[in-house]
Amino acid sequence: MTPGAPRRTGLASAWSETHRRVVGSQRPEPPDPAGEAEAPKKRTAPAAADGRNWKYLSARLPADIHKTLRRLSVEKEISLQDMVVEALSAYVEQQKEI
């Protein structure tokens, strides 16, 4: 037994008591037993109207480029996402020609 063990037990019981008083009856119901629960459904992206397969992308853009794209999207009255897709598509086509 280590010298710190009794103190840890005291902290754990104090935490448990504080948690019980604060959470009380707000505790969620326990999950169903493994045998009775439904199989988790695989999440799929909603089907696109144009029939393309879409992938989500998280990217960091320099502030000046983002500002320019945002301004252009307002001028052309299309969404910023569509503007980025259009810019990336043009870039891909340009690279294919090289």
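Look a little higher up for the structure.
Residue positions within a chain follow its written sequence, with the count starting from 1. The model is predicted, so local features are restricted to residues of pLDDT at least 70 and side-chain atom pairs to those at 80 or more, both for listing and for counting; the totals for chains, interfaces and linings are taken over all residues. Hydrogens and waters are ignored; side-chain quantities use all the structure's heavy atoms.

S.K.: Just checking my understanding: could you explain the pattern of salt bridges for this structure?
M.R.: Between side chains of opposite charge, pairing is possible as soon as their charged atoms come close. The working definition used for a salt bridge is a side-chain nitrogen of Lys or Arg within 4 Å of a carboxyl oxygen of Asp or Glu. All chains considered together, the criterion is met by three salt bridges. Here Arg71 ties to Glu75 by a salt bridge, and the two come within 3.1 Å at their closest N and O atoms. Here Arg71 pairs with Glu75, and both are found in helix 2 (residues 63-76), just four residues apart, close to one helical turn. Throughout this description, buried means an accessible area under 20% of the type-specific maximum (1.4 Å probe, protein chains only), exposed means over 50%, and partly exposed covers the range between. Judged by relative accessible area, Arg71 falls into the partly exposed class, the value being 43%. Overall, the relative accessible area of 53% leaves Glu75 in the exposed class. Every helix listed is a DSSP run of H or I at least four residues long, and every strand listed is a run of E at least two residues long, numbered separately from the N terminus.

S.K.: I would appreciate a short explanation of the packing of helix 2 against helix 3 (residues 80-97) in the present structure.
M.R.: Between two packed helices, the angle of one axis relative to the other and the distance separating the axes together describe the packing. Across the interface, helix 2 lies against helix 3 with an axial gap of 9 Å and an inter-helix angle of 110°. Between helix 2 and helix 3, the crossing angle belongs to the class labelled roughly perpendicular. Packed against helix 2, whose contacting residues are His66, Leu69, Arg70, Leu72, Ser73 and Lys76, the element helix 3 presents Leu80, Met83, Val84 and Glu86 at the interface. Tallied by class, the residues present in the contact of helix 2 with helix 3 amount to five nonpolar, two polar and three charged. Working convention: axes come from line fits to C-alpha atoms, limited for helices to the stretch in contact. Angles between N-to-C directions cover 0 to 180 degrees. If an angle is under 35 degrees, it is roughly parallel; if it is over 145, roughly antiparallel; if it lies from 65 to 115, roughly perpendicular; otherwise it is oblique. Residues count as neighbours in contact if any of their non-hydrogen atoms are within 4.5 Å of one another. Here the nonpolar group is Ala, Val, Leu, Ile, Met, Phe, Trp, Tyr, Cys and Pro; Asp, Glu, Lys and Arg are the charged ones; every other residue, Gly included, is treated as polar.

S.K.: I would appreciate a short explanation of unusual backbone geometry in the present structure.
M.R.: For residues besides glycine, phi is generally negative; the peptide bonds are generally trans as well. Positive phi, normally seen in glycine, also occurs at Glu77, with a value near 55°. The topology assignment puts Glu77 in the loop between helix 2 and helix 3.

S.K.: Sorry if this is basic, but what is going on with helix 2 here?
M.R.: Each residue after the first adds 1.5 Å to the expected span of a helix. Helix length check: helix 2 (14 residues) gives 20 Å between terminal C-alpha atoms against 20 Å at 1.5 Å per residue, within 8%. Positive backbone phi, at 55°, marks Glu77, one or two positions downstream of helix 2.

S.K.: What should I look at first to understand the side chain of Ser73 in this one?
M.R.: Here Ser73 is to be found in helix 2. What makes Ser73 buried here is its relative accessible area of 5%. Contact partners of Ser73, with chain neighbours within four places excluded, come to Ile78, Ser79, Leu80 and Met83.

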